[in-house]
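What follows is each chain in one-letter form.
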Amino acid sequence: MLAARNPVSLHHRIVAGGQRRRCVGGSERNRGRTQGRHFTQALESLWRHSPRIHPPSAAAAAAGGGANPSWQPPVLENAAFEEYYKVQQIVRKEEWDAFMSVLRKPLPATFRINASCQFYKDICSKLENDFRRSLESEVSNEYGEDAIRPLPWYPGNLAWHLNFSRKELRKNLALESFHEFLKHESDVGNITRQEAVSMVPPLFLNVQPDHHILDLCAAPGSKTFQLLEMIHQSKESGLLPGGLVMANDINVQRCDLLIHNTKRMCTANLIVTNHEAQNFPNCSLAKDYSEVYKDTCKLQRLEFDRVLCDVPCSGDGTIRKGHDMWRKWNSGMGNQLHLLQVNIAMRGIALLKVGGRMVYSTCSMNPVENEAVVAELLRRSGNSVELLDVSCELPELVRRPGLSTWKVKDGGSWFQTHDDVPHDRKTVVLPSMFPSSDITEESHAGCGDFEMKTDNRSSFSRNCNVEETRKNNHDMDGVSIGSTKNLDCTSNIMNSKFPLHRCMRIVPHDQNSGAFFIAVLHKLAPLNGSQIQGTKIQHTLGKDRIEQLHKEPQPEARPYETILTRQHNNVLEVDDDAELLGRRHNLNMDNGTSKDKNSTEVEMVFNDVESGREESGDRMKKLQKQSRWKGVDPVLFFKDEVVIKSIRSFFGIKESFSLEGHLVTRSTDNARRMYYISKSVKEIVELNEQVGEQLKIASLGVKMFERHRSKDGCSCAYRLSYEGLSLLLPYISKRILYASPVDFHRLLQYRTINFAHFVDSRFGEEAASLMPGCCVVVLVEGHKNADSILKDPMTIAIVCWRGKGTMNVMVSPPDRKDLLERMAYRFGIKASTEEDEKFYPKVNGFDQGS
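Keep in mind the model is a prediction, meaning the values are calculated, not measured. (Residues numbered from 1 in each chain as written. Predicted model: local features only at pLDDT ≥ 70, side-chain atom pairs only at ≥ 80, totals over all residues. Heavy atoms only, no water.)

Enquirer: Would you mind going over the overall build of the chain with me for this structure?
Expert: Along its length, the chain carries 29 helices and 28 strands. Within the chain, the proportion of its 850 residues that are buried is 58%. In the chain, once contacts between residues fewer than 6 apart in sequence are set aside, the share between residues at least 24 apart is 78%. Carbon and sulfur atoms form 49% of the exposed surface of the chain, whose accessible area is close to 35600 Å². (Helix = DSSP H or I, 4+ residues; strand = E, 2+ residues; numbered from the N terminus. Buried < 20%, exposed > 50% of the residue type's maximum accessible area, 1.4 Å probe, protein only. Contact = heavy atoms within 4.5 Å. Areas by Shrake-Rupley, 256 points an atom, 1.4 Å probe, with all protein chains shown as cover.)

Structural data, given as structure tokens:
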């Protein structure tokens, strides 16, 4: 889901999804992604011809005495928007004015605390005891008594609500120190500033530490970060969780943003990929599902326990923070995204394990993007998927049931069924957009209809039950809908047969938030071809060419897959046979994924598993040093035993911490950086190698070691990275120094200190006696023994470099600032005086590859 994260990001994401894929080569840009291009062009055309209203620049404001007389505030009106949602009956008629009034108010700022971070308790204490009290006294008259408070529905009081917007937070002088606190804690990953309703979908996934989780449309990464928090929060000290998060996004630039934001987590349990969500690769070695469980020691199929499907949407639920939406909005935006949303969600279901849970969500209020998509998923999936009733989960969250009926607008016309749509518009206005569960010949192939069991419809929230919502959906009395065409308000209303009341809608005026839609799906059985889209796959390739490819040698760049060239005259049809499910060498029409967006669990096989293993040793060695993805560095296991043994010996890393097989590099010639990956990530990387590198991996793991450039005579070519120190610290037995709070504080403040200038002379002597190279300095509190200090997750430690006559800190400025504030909070140590500044001069320019 896109627009909830950035008011203008929908435009950029859709453009990127259609044509602008710069990093994967020109051939990929010309693959004819007609679906993405069509809605991209439509939205571009729609938005391009509407003039933007820009606020006055600072210079213009200053020149004009603080105001530009020609500038007018944005108009928070859109007649089409009001007409559309009155007809859809999103809220009762008596609520309409309150609903619209809240939409025109600024969105309150909210943030979430990272409960897995080292200083979680300090942050909670500072919020409760310092900021909450001071803000109540300073701004209570302006923003109310509860100017800052925990969100009641978020577990553990980890999410906080502010009665002021982000803009007010930046400009109000009384809030300046609090604003600086939020910025700093966000920079180092201790908190995440995120819209409240955006925090909801991951909570309904019921994540456990051993779960494999897929975030299909992940950028910019706030929900991904939230999922990582969940798998790390309950892990044992010194151990990695058994699960992982795979975060995917279609756009390269947004993947970079995703990597930047999740890097703050410093986790070995993350993989970032760059694929179209609806075409996410199906990496499999198993012939069928029964083989997945035969060899429990080896991963056979890429599947996930949980899938978050937060799809691209029109984003009108974010209208409170994106005022441009008032001008840009039109009903066609949701119609154009509907099919893409269905295809992405179907791909998510296909990648979900049997027994797993998937959350489908949007930040849109449009039923065509919400209930209509969920109904289509249930139609296509048949008895393989059920829509869960989660009304008992998060009882404090105010939510409303999903709609059972809605209408579709195309241009100026309203339609209640697909039969009412003019013939020339039936390919644009699809059957799946309507609430009726009747399947026509024009509906998607393989969408089997089935009887849905009904159950007692209990209350879905604290203040809104199903019967009330049913009344909302049908009672249009007194609601002005303006002038419409082809809308007969007295005709029979089509209701969906699916239990869409189990979906949830969050509307802004219920709890002063944005709007959101969430549906929770449970996979009961594997999908089959007839449940996805038809029982046959069509590939534009002649049979003669297939036979020829059997005889040709495998291309060098793709040893484990068959490359098929396209011909437009002949069509090969392949039955959806059980032997074709999950085979290792599958037909890849789009860089490792089937071009048919819905044939997600059906693969074609033209060669046996061993047929691609005839390459010579030289060829295989060459393949190991290149990626099949243009513009993306390969993922290579670091296997130099001599170097690994040297690192283990230099830092005294215990054998219980496995380095072998867990270190990877992205460099083909010189392993400048080595990243540590968890066992779960390692298994997926190995599977990806075996299936021909179908996953386009943009980032993975946590940076653990980095080659240094020092000429001090260090016997080890690599130094530790601060990012991976917390993971490695309990297992290090050498190169460790223990500093008092005063000396530790001064190290952080000045970065470089001469051995003779430490307050504790013994610490200075120990530092001087250490051989040159990387070391770890640990803060000592009280009289704890060394072993207990290293195993304590609250222990504060930093990476340093023992130079010729100085100790040099190798920690980034934001992290140093964070540690200094922790020490000031814990020990009351203040910044040094000007005299100290002269005595301990700051040394700039020291760099060992950080």
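Now that the structure has been shown, the text picks up again.
Enquirer: It is not clear to me how the packing of helix α25 (residues 741-750) against helix α28 (residues 813-827) should be interpreted in this structure. Could you clarify?
Expert: Helix-helix packing is described using two parameters, namely the angle between the two axes and the distance between the axes. Running from N to C, α25 and α28 point in directions that differ by 150°, and their axes come no closer than 9 Å. In this view, α25 runs roughly antiparallel relative to α28, as classed from their interaxial angle. Where α25 crosses over α28, the two elements pack in a sense that is left-handed. Every residue of α28 that contacts α25 at Pro741, Phe744, His745, Leu748 and Gln749 is listed here: Arg816, Leu819, Leu820, Met823 and Phe827. (Axes fitted to C-alpha atoms, helices over the stretch in contact; angles between N-to-C directions. Parallel < 35°, antiparallel > 145°, perpendicular 65-115°, else oblique. Left-handed = near helix turned anticlockwise from the far one by under 90°.)

Enquirer: Got a minute to help me understand the UniProt feature "active site" (unreviewed entry) in the chain in this structure?
Expert: Within the UniProt annotation, "active site" (unreviewed entry) is assigned to Cys363. When you line up the elements, Cys363 lands in the loop between β9 (352-362) and α16 (371-381). The exposure class assigned to Cys363 is buried, which follows from its relative accessible area of 0%. (UniProt positions renumbered as here; feature names shortened; annotations may be inferred.)

Enquirer: How should helix α22 (residues 641-651) be read in this particular structure?
Expert: Listed as buried for α22 are Ile644, Ile647, Arg648, Phe650 and Phe651. For α22, the secondary structure elements touched by its buried residues are β19 (663-665), β20 (673-676), β22 (702-707), β23 (718-720) and β26 (773-779). For α22, the N-terminal capping position is held by Asp640, with its side-chain oxygen 3.1 Å away from the main-chain nitrogen of Val642. (Polar contact = N/O pair within 3.5 Å; in protein donor to acceptor, adjacent residues only side chain to side chain.)

Enquirer: I tried to follow helix α26 (residues 761-769) on my own but got confused; where do I start?
Expert: Each α-helix turn comprises 3.6 residues. Residues three or four places apart therefore point the same way. Where α26 is concerned, the buried positions are Phe763, Gly764 and Ala767. Axial view of α26: buried residues confined to an arc of 100°, hence all on one face. Counted as exposed and oriented over 90 degrees from the buried face of α26: Ser761, Arg762, Glu765 and Ser769. Residues of α26 that are buried sit in contact with β24 (736-739), α25, β26, β27 (797-802) and β28 (806-809). Its side-chain oxygen 3.0 Å from the backbone nitrogen of Arg762, Asp760 forms the N-cap of α26. (Arc of directions from axis to C-beta.)

Enquirer: Would you mind showing me how to read the nonpolar core here?
Expert: A general trend in soluble globular proteins is that nonpolar side chains are found buried together. Core analysis: the largest hydrophobic core is formed by 84 residues, its most contacted members being Phe81, Leu216, Met246, Leu302, Val374 and Leu700. Here this core gets 10 residues from one element, more than from any other, and that element is helix α15 (residues 332-351). Aside from chain neighbours lying at most four places away, what touches Leu700 is Leu270, Ile271, Val635, Val664, Arg666, Tyr675, Ile677, Val681 and Val685. (Core = buried A, V, L, I, M, F, W, Y, C linked by side-chain atoms within 4.5 Å.)

Enquirer: How should I be thinking about the sheet that holds strand β1 (residues 108-113) in this particular structure?
Expert: Sheet strands line up and pair through hydrogen bonds in the backbone, either parallel or antiparallel. With respect to topology, four strands assemble into an open sheet ordered β2-β3-β1-β4, the strand pairing being antiparallel. A single partner strand is all that each edge strand has here, and the edge strands are β2 (148-150) and β4 (191-193). Neighbour-to-neighbour, the strand axes of the sheet open up by a mean angle of 25°, direction not taken into account. Where β1 and strand β3 (residues 159-165) come together, four bridges link them in antiparallel fashion. The residue bridging Phe111 from the neighbouring strand is Trp160, located in β3. Of the strands in this sheet, β1, β2, β3 and β4 touch helix α9 (residues 176-187), which is tilted by about 110° from β4. (Pairing = 2+ DSSP bridges.)

Enquirer: What's the story with the packing of aromatic side chains in this structure? I'm lost.
Expert: Two measures describe an aromatic ring pair: the distance that separates the ring centres and the angle between the ring planes. Scanning all chains against the criterion turns up 19 aromatic pairs. With centroids separated by 4.8 Å and ring planes inclined at 25°, the aromatic side chains of Phe657 and Tyr676 adopt a geometry described as stacked. Residue Phe657 is found in the loop between α22 and β19, and its partner Tyr676 is found in strand β20; the two are separated by 19 residues along the sequence. We note that Phe657, like Tyr676, is buried. Taken together, the ring pairs connect Phe81, Tyr84, Tyr85, Trp326, Trp329 and Trp414 into an aromatic cluster. Over the aromatic face of Phe225 sits the side chain of Arg264, whose NZ or CZ is 4.5 Å from the ring centroid. Cation over ring: Arg628 sits above Trp629, and NZ or CZ is 4.4 Å from the ring centre. (Phe/Tyr/Trp six-rings, centres within 6.5 Å; stacked < 30°, edge-to-face > 60°. Lys NZ or Arg CZ within 6 Å of the ring centre and 35° of its normal.)

Enquirer: Whenever I open this one, unusual backbone geometry confuses me. Can you help?
Expert: If a residue is not glycine, its phi is most likely negative; likewise, a peptide bond is most likely trans. Here Ala219 and Pro220 are connected by a cis peptide whose omega angle stands at 5°. Mapped onto the secondary structure, Pro220 falls in the loop between β5 (212-215) and α11 (222-233). At Asn206, a residue that is not glycine, the phi angle is positive and equals roughly 55°. Among the structural elements, Asn206 can be located in the loop between α10 (200-203) and β5. We classify Asn206 as partly exposed; its relative accessible area is 39%. We note that Arg735 has phi near 60°; this positive angle belongs to a residue other than glycine. Among the structural elements, Arg735 can be located in the loop between α24 (722-728) and β24.

Enquirer: Looking at this structure, how should I read the sheet that holds strand β18 (residues 636-637)?
Expert: Read across the open sheet, the five strands follow the order β18-β19-β20-β22-β23; overall the sheet is antiparallel. Two strands close off the open sheet at either side, each with one partner strand: β18 and β23. Note: β19 against β20, two bridges, orientation antiparallel. Following the sheet pairing, Val664 is matched in β20 by Tyr675. Sheet contacts for α22: β19, β20, β22 and β23; angle to β23, the most-contacted strand, approximately 50°.

Enquirer: What's the story with the side chain of Asp122 in this structure? I'm lost.
Expert: For Asp122, the location among the structural elements is in helix α7 (residues 120-143). Setting aside chain neighbours within four positions, we find Asp122 in contact with Arg822, Tyr825 and Arg826.

Enquirer: So what exactly am I meant to see when it comes to the UniProt feature "binding site: S-adenosyl-L-methionine" (unreviewed entry) in the chain here?
Expert: Residues annotated in UniProt with the feature "binding site: S-adenosyl-L-methionine" (unreviewed entry) correspond here to Cys217, Ala218, Ala219, Pro220, Gly221, Ser222, Lys223, Asp249 and Asp310. The annotated residues occupy 94 residues of the chain but converge on a single region, no pair of C-alpha atoms lying more than 13.1 Å apart. Looking at Pro220, the relative accessible area reads 15%, which means it is buried. With respect to the helices and strands, Asp249 occurs in the loop between β6 (244-248) and α12 (252-262). A distance of 3.2 Å separates a polar side-chain atom of Asp249 from the backbone nitrogen of Ala219.

Enquirer: Is there a simple way to explain the pattern of salt bridges in this structure?
Expert: Any two side chains of opposite charge can pair, so long as their charged atoms come close to each other. In the structure shown here, the tally under the stated rule is 30 salt bridges. Notably, a salt bridge pairs Lys223 with Asp310, separated by 3.0 Å at the nearest N-O pair. One end of the pair, Lys223, is in helix α11; the other, Asp310, is in strand β8 (residues 304-310), and 87 residues separate them in sequence. In this pair, the class of Lys223 matches that of Asp310, namely buried. A salt bridge links Lys328 to Asp324; its shortest N-O distance comes to 3.8 Å. Of this pair, Lys328 and Asp324 both sit in helix α14 (residues 324-328), four residues apart, which is roughly one turn of the helix. (Salt bridge = Lys/Arg side-chain N within 4 Å of Asp/Glu carboxyl O.)

Enquirer: Would you mind going over the pairing of β28 with me for this structure?
Expert: Side-chain direction in a regular strand flips from residue to residue, so the side chains alternate between the two faces of the sheet. Summarising the sheet, strand β25 (residues 752-754) and β28 pair through three bridges and their orientation is antiparallel. Looking at β28, one finds that Ile753 is bridged to Met807. When β27 meets β28, the two strands line up antiparallel, connected through three bridges. Counted as the bridge partner of Cys800 is Val809 from β28. Once β27 ends, the chain turns through three residues before running back antiparallel as β28.

Enquirer: Just to check I follow, could you spell out the environment of Phe164 for this structure?
Expert: Position of Phe164 among the secondary structure elements: in strand β3. The class of Phe164 is buried, set by a relative accessible area of 0%.

Enquirer: Help me out: how do you make sense of a positive patch on the surface in this one?
Expert: Taken together, the side chains of Arg166, Lys167, Arg170 and Lys171 make up a positively charged region of the molecular surface. With respect to the secondary-structure elements, Arg166 resides in helix α8 (residues 166-171). Residue class for Arg166 comes out partly exposed when judged on its relative accessible area of 44%. (Patch = residues over 30% accessible without salt bridge, like charges linked within 9 Å, V, L, I, M, F, W, Y side chains within 5 Å. Lys, Arg positive; Asp, Glu negative; His and termini not counted. Charge placed at Lys NZ, Arg CZ, Asp CG, Glu CD.)

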